[in-house]
There are 2 protein chains.
Amino acid sequence: MSATMEESNPPVSKKAAAKAAKKAEKTLNKQMAAAALDVEEEDPLAANYGDVSFQSLQSKEISGRKWVAVRLLDTGMKGQTVLVRGRVHTERGTGKMAFLVVREAGCTVQCVLSVAENIVSKGMVKYVNKISKESIVDVEGIVSVPEKPIEGTSQKVEIQARKVYCISKAAAQLPLNLEDAARSERDFEKAEKDPQQGVQFVRVGQDTRLNNRVLDLRTPANQAIFRIQSQVSTLFRQFLLAEDFVELHTPKLLAGASEGGSSVFKLDYKGQPACLAQSPQLHKQMGICADFGRVFEIGPVFRAENSFTHRHLCEFTGLDFEMEIKEHYFEVLDVLEAVFVAIFDGINEKCVKHLEAINAQYPFEPLQYLRKTLRLTFAEGVKLLEEAAIIVDPMADFNTETERELGRIVKEKFKTDFYVLHRYPAAIRPFYTMPCWDDPRYSNSFDVFIRGEEIISGAQRVHDPELLTKRAIECGIEVNTLSTYIDSFRWGAVPHGGAGVGLERVVMLFCALNNIRKTSLFPRDPQRLAP
Amino acid sequence: MSATMEESNPPVSKKAAAKAAKKAEKTLNKQMAAAALDVEEEDPLAANYGDVSFQSLQSKEISGRKWVAVRLLDTGMKGQTVLVRGRVHTERGTGKMAFLVVREAGCTVQCVLSVAENIVSKGMVKYVNKISKESIVDVEGIVSVPEKPIEGTSQKVEIQARKVYCISKAAAQLPLNLEDAARSERDFEKAEKDPQQGVQFVRVGQDTRLNNRVLDLRTPANQAIFRIQSQVSTLFRQFLLAEDFVELHTPKLLAGASEGGSSVFKLDYKGQPACLAQSPQLHKQMGICADFGRVFEIGPVFRAENSFTHRHLCEFTGLDFEMEIKEHYFEVLDVLEAVFVAIFDGINEKCVKHLEAINAQYPFEPLQYLRKTLRLTFAEGVKLLEEAAIIVDPMADFNTETERELGRIVKEKFKTDFYVLHRYPAAIRPFYTMPCWDDPRYSNSFDVFIRGEEIISGAQRVHDPELLTKRAIECGIEVNTLSTYIDSFRWGAVPHGGAGVGLERVVMLFCALNNIRKTSLFPRDPQRLAP
């Protein structure tokens with residue numbers, strides 16, 4: 001075993017390998033020969049375009065050339081010669097002209113080729129017009145500012161191309177068209193309203209997108225979604241690190257059945273029964289018992305449940321923290337609320353372009369939130385629902401529809417999409433939740449909501465081993481599978497609490513997206529394990 | 001399923017639960033009654049000490065009191081009344097005096113109680129002397145600066161205690177003694193050299209430590225190790241985020257057998273065969289094909305190999321990155337070397353106290369590294385070995401001993417513990433490694449070493465789907481299990497490369513620790529799946 005990412009290769013039947021290799025080599029040679037034909041030999045400007053040889057992409061030399069990122073191209077660069085690398089997003093042309101839109105990381109620039117002696121040859125225009133969409137190209141040219149602003153590209157300048165080289169060719173037939181995948185509902189409505197234009201857009205279904213996720217992820221909205229997701233983790237961590245939290249990495253492979261229940265992935269671990277952690281709950285608490293004071297973790301969480309909703313995944317990213325409490329679980333809420341206000345502020349401030357890109361495809365109302373987060377007790381939530389003639393069991397959990405309803409009521413009354421509900425009935429919380437001091441039917445627990453959907457659960461935890469054992473038994477949990485966890489509290493334990501957040505849900509609900517699969521890079525649900 | 005960390009409880013047989021609950025409640029009541037007896041009712045100062053009622057730890061009230069962290073106590077606070085919460089580290093006393101060393105997060109302060117009318121009662125001293133080690137206490141008192149510096153505590157001040165309350169009692173018998181667990185080899189040697197003193201220290205073996213990891217983690221050295229580990233991740237991320245990298249979360253549940261080989265954990269995923277990712281290799285490359293340009297991930301990595309060495313684990317934390325290459329894999333090395341110099345500088349600068357704590361138990365030479373990292377080719381490495389009369393196969397991988405030997409030679413010759421070896425023979429690298437342009441027997445790959453041990457592997461990757469297929473077949477890999485990965489390269493792919501780092505190895509080797517289990521919070525090896 002190697003502790004790094006490189007694996008050595010397993011042994012092979014030599015004969016079979018040699019045969020298969022020969023076949024693959026043939027295909028490769030054919031492809032390369034075909035590529036060579038693309039260059040027109042007679043053209044005196046032939047050196048200015050063509051397919052780059054594979055050899056020169058194998059780290060052959062360091063030329064010292066500098067590439068400019070497409071997103072950085074602006075009018076201040078007018079007249080400069082620049083070199084960009086990106087994908088062929090679209091192209092249209094005649095015999096004498098070619099318009100090539102090059103895309104890099106969701107940003108686009110138009111490159112113009114116009115036949116002119118000693119500058120751009122016919123052969124070059126012809127070559128460019130033949131490059132398949134999504135191929136990778138290097139384009140060198142002069143930045144110009146068009147009189148009439150260009151529509152449909154993110155950058156407001158053009159490149160008057162002088163050199164175009166193809167680095168990597170995309171297959172001519174793609175399983176989905178990027179322009180189709182990037183269209184908004186508004187585009188479809190417009191096309192439907194105006195059938196005289198004869199435009200008929202293709203809708204790319206969710207399965208097609210997810211089956212070909214690498215292509216789907218290239219749309220401007222998807223580029224933005226995962227850049228915002230990266231920002232959310234960063235803001236979460238930065239805030240907690242500044243507040244003296246320590247980042248831990250707890251094991252995902254656990255003995256026995258972890259927190260119990262049926263939603264656990266089981267596996268064989270060297271002959272021992274094992275499972276995948278459904279959360280870092282037990283080990284982050286053990287981190288508190290191990291004197292780390294305040295801890296957090298960002299890592300995968302595994303749930304084997306058979307849920308086919310818009311907001312459930314079998315694997316997602318948990319943002320977890322746990323901290324010593326001096327007196328009250330409100331200390332946890334103080335941190336949590338401050339973290340989330342910092343995250344929301346941070347996204348709004350740092351991700352303006354990304355939010356625009358998402359809005360262009362999936363328009364949404366900006367999240368409304370208060371500087372001081374609203375805290376309601378569960379009982380107050382029940383009352384608000386009652387006032388709206390929605391009668392619920394005051395000791396049972398809300399269902400999704402009731403949560404949404406309460407979200408609407410709270411939004412109207414308190415002008416916020418983000419609020420905390422606390423002091424939940426004990427019966428609907430996990431065994432390790434601390435009961436309220438004044439009424440054990442309630443607990444020192446909370447959920448947090450964005451736009452009427454739960455994104456965070458948390459609580460003060462039971463730090464007394466006897467009470468913990470009692471609660472586990474009452475909840476029908478096999479106490480012996482929890483022995484190392486419960487033992488941790490026998491050696492002195494500080495009062496503590498914490499919370500767990502679903503990263504994908506935060507991004508989904510901040511941007512009011514309708515499906516969690518949109519905010520998971522390669523989603524896993526009961527039917528999807530690939531790509 | 002819930003996307004947050006709280007699990008609902010599974011159903012129970014009501015009768016069995018009620019019975020078991022009754023039993024647990026009895027134990028609990030007994031314990032509480034015993035606790036109540038500890039307070040001496042007649043003492044007029046009785047309110048200044050005793051066990052805190054459990055109810056008041058259930059978020060009963062917010063008093064507004066402020067606790068000071070032990071590590072912040074210093075001579076500038078002389079005369080101030082402070083309140084600290086920590087563990088009873090040691091205590092010694094007579095009828096009239098008590099010396100209580102309180103420990104918080106590995107830092108210690110001595111609290112002094114001396115019987116004085118209306119200030120400290122005999123009952124209080126008696127109470128304090130009875131509190132078991134590792135119990136959690138609140139101590140309030142006045143900061144004083146002793147004339148003679150105190151030995152054996154991290155803080156140079158004392159607290160003249162006025163109030164002592166016990167928050168949580170540790171069991172009287174602990175599976176290991178913290179003082180024993182924190183002793184250095186030097187302490188043992190001293191005790192052995194001086195047998196007249198009659199001191200016989202108990203050695204705490206590795207299994208005892210790991211079986212009771214929550215206790216073991218409380219030693220100053222362990223507190224420091226995991227705070228440094230947290231710092232390493234932070235420095236890694238900060239550097240890459242500043243260089244335009246995007247943080248991704250790739251799936252750990254994969255269809256089929258991932259990268260192949262026997263070292264894979266298999267499981268059943270809703271009736272489909274699945275495995276745990278041995279690295280984020282395939283998906284981070286797919287992230288590049290999805291236009292993220294530069295990506296990184298910090299997450300768990302699973303290896304089912306049967307290795308029982310000092311440097312192998314079945315689950316560890318991978319620091320991975322992958323990036324577009326414009327021309328040469330040296331671009332990857334440029335980033336990698338800069339990241340690591342930033343990490344080393346950062347630890348040395350920000351973790352001075354932690355390094356001292358580790359050194360006190362496990363003395364080590366500071367890591368020697370160059371501002372500009374040394375890069376040697378594999379062939380140059382072979383030559384250096386040959387010059388030292390160590391003859392190796394120039395096309396085979398080095399074994400651990402040869403790597404160490406080369407580390408010693410390099411250290412002597414180039415004055416560095418940290419260096420890069422690149423251009424490895426292709427046959428000993430994974431199938432996705434890019435062959436060298438001038439000689440396909442070699443590859444655009446590298447390993448990085450600290451103190452003669454490998455911590456990082458990386459390379460330029462093959463971005464051409466035909467060559468990738470050919471290489472996979474030559475290496476005997478089932479190509480059809482890799483179809484979604486290989487397809488990603490059919491839709492246009494930029495040249496790219498990256499590296500994977502084992503977080504636990506970085507910390508282990510920076511601090512010259514002798515076993516990777518020391519730098520894994522809850523280690524997993526072929527025989528250990530708990531706690």
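Residues numbered from 1 in each chain as written. Chains lettered and ligands numbered in written order. Predicted model: local features only at pLDDT ≥ 70, side-chain atom pairs only at ≥ 80, totals over all residues. Heavy atoms only, no water.

Attention now goes to the overall build of chain A. The number of helices and strands found in chain A is 15 helices and 17 strands. Oriented by its inertia axes, the alpha-carbon framework of chain A measures out at about 90 × 65 × 45 Å. Evaluated residue by residue, chain A yields a buried proportion of 60% over its 531 residues. When contacts within chain A are restricted to residue pairs at least 6 apart in sequence, those whose partners lie at least 24 apart make up 69%. Of the roughly 21,300 Å² of accessible surface on chain A, 52% is carried by carbon and sulfur atoms. In chain A, which carries 68 positive and 71 negative side-chain charges, the distance between the mean positions of the two groups comes to 7 Å. (Helix = DSSP H or I, 4+ residues; strand = E, 2+ residues; numbered from the N terminus. Buried < 20%, exposed > 50% of the residue type's maximum accessible area, 1.4 Å probe, protein only. Contact = heavy atoms within 4.5 Å. Areas by Shrake-Rupley, 256 points an atom, 1.4 Å probe, with all protein chains shown as cover. Lys, Arg positive; Asp, Glu negative; His and termini not counted. Charge placed at Lys NZ, Arg CZ, Asp CG, Glu CD.)

The subject of this paragraph is the sheet that holds strand β16 (residues 453-460) of chain B. Sheet strands line up and pair through hydrogen bonds in the backbone, either parallel or antiparallel. Residues and elements named next belong to chain B. Ordered in space as β7-β11-β12-β17-β16-β15-β14-β13, the eight strands form an open sheet in which the pairing is mixed. Looking at the sheet topology across the chains shown, the edges are occupied by β7 (246-247) and β13 (374-377). Relative to strand β12 (residues 315-324), strand β11 (residues 294-302) runs antiparallel, the two sharing nine bridges. Counted as the bridge partner of Phe 302 is Glu 315 from β12. In this fold helix α7 (residues 220-242) packs onto β7, β11 and β12, with an angle of close to 155° to the strand it touches most, β11. (Pairing = 2+ DSSP bridges. Axes fitted to C-alpha atoms, helices over the stretch in contact; angles between N-to-C directions.)

As a further point, take the interface of chain B and chain A. Contacts between the two partners involve 169 residues from chain B and, on the opposite side, 169 residues from chain A. Interface of chain B and chain A: buried area, both sides summed, is about 14,200 Å²; carbon and sulfur atoms make up 58% of it. Where chain B meets chain A, there are ten salt bridges. Between B:Arg103 and A:Asp291 there is a salt bridge; the shortest N-O distance is 3.1 Å. (Buried area = accessible area lost by both parts, 1.4 Å probe. Salt bridge = Lys/Arg side-chain N within 4 Å of Asp/Glu carboxyl O.)

Residues and elements named next belong to chain A. With an omega of 0°, the peptide bond running from Ala 530 to Pro 531 counts as cis. Following the sequence through the fold, Pro 531 ends up in the segment after α15 (503-510). The backbone phi angle of Ala 389 is positive, close to 65°, even though this residue is not glycine. Counting through the fold element by element, Ala 389 comes out in the loop between α11 (378-387) and α12 (400-414). Residue classification places Ala 389 among the exposed positions, given a relative accessible area of 65%. Backbone geometry places Lys 415, a non-glycine residue, at a positive phi of 60°.

Residues and elements named next belong to chain A. Mapped onto the elements, Leu 210 comes out in helix α5 (residues 206-211). Taking the relative accessible area as the measure of exposure, Leu 210 reaches 3% and is therefore buried. Measuring from C-alpha to C-alpha, the distance between Leu 210 and Gln 200 comes to 23 Å, with ten residues separating the pair along the chain.

Segmenting chain A into domains produces domain 1 (49-168), domain 2 (178-205) and domain 3 (220-519). A separation of 28 Å is found between the C-alpha centroids of domain 1 of chain A and domain 2 of chain A. (Domains from an automatic or database assignment.)

Moving on, we come to the relation of the copies chain B and chain A. Mapping chain B onto chain A leaves a residual RMSD of 0.0 Å; the transformation is a rotation of 180° accompanied by 0.0 Å of translation along its axis. Overall, the copies show the geometry of a two-fold rotation axis. For chain B, the residue whose C-alpha comes nearest the rotation axis is B:Leu267, separated from it by 2.6 Å. In this assembly, 100% of the residues forming the interface of chain B have copies in chain A that are likewise at the interface, indicating an isologous arrangement. (Least-squares fit on C-alpha atoms with pLDDT ≥ 70 in both.)

For the rest of this paragraph, the subject is α12(A). Residue and element names in this part refer to chain A. With 15 residues, α12 extends 20 Å from end C-alpha to end C-alpha; this agrees with the ideal 21 Å at 1.5 Å per step. Residues Thr 402, Glu 403, Leu 406, Gly 407, Ile 409 and Val 410 constitute the buried set of α12. If you follow the buried residues of α12, they end up packed against β13 (374-377), α11, β14 (418-422), β15 (445-450) and β16 (453-460). In this structure Asn 399 caps α12, since a side-chain oxygen of it lies 3.1 Å from the backbone nitrogen of Glu 401. At the C-terminal side of α12, Lys 415 shows a positive phi close to 60°. (Expected span 1.5 Å × (residues − 1). Polar contact = N/O pair within 3.5 Å; in protein donor to acceptor, adjacent residues only side chain to side chain.)

A separate point is the environment of A:Cys107. Residues and elements named next belong to chain A. The residue Cys 107 is located in strand β4 (residues 107-114) in this model. Sequence-wise, Cys 107 and Val 295 are 188 residues apart; in three dimensions their C-alpha atoms are separated by 38 Å. Beyond its immediate stretch of four places on either side in the chain, Cys 107 contacts Val 70, Arg 71, Val 102, Ser 154 and Gln 155.

Residues and elements named next belong to chain A. Structurally, Phe 239 is set in helix α7 (residues 220-242). Considered as a pair, Phe 239 and Ile 62 are 177 residues apart in the sequence and their alpha carbons are 40 Å apart. If we skip the residues at most four places from it in the chain, Phe 239 touches Val 335, Ala 338, Val 339 and Ala 342.

Right, let's talk about the packing of aromatic side chains for a bit. All names here are of chain B. Per the counting criterion, the structure on display carries 36 aromatic pairs over all chains. Seen from their ring centres, Phe 344 and Phe 418 are 4.9 Å apart, and the 90° between their planes marks the pair as edge-to-face. One end of the pair, Phe 344, is in helix α9 (residues 330-350); the other, Phe 418, is in strand β14 (residues 418-422), and 74 residues separate them in sequence. The buried category is assigned to Phe 344, whose relative accessible area is 0%. (Phe/Tyr/Trp six-rings, centres within 6.5 Å; stacked < 30°, edge-to-face > 60°.)

Attention shifts here to the sheet that holds strand β11 (residues 294-302) of chain A. Residues and elements named next belong to chain A. Reading across from one edge, β7-β11-β12-β17-β16-β15-β14-β13 is the order of the eight strands in this open sheet, with mixed pairing throughout. The outermost strands of the open sheet, each flanked by one partner alone, are β7 (246-247) and β13. Relative to β15, β14 runs antiparallel, the two sharing five bridges. Each residue of the ladder has a partner; that of Phe 418, found in β15, is Ile 450. Packing of α7 onto the sheet brings it into contact with β7, β11 and β12 (315-324), and relative to β11 it is tilted by some 155°.

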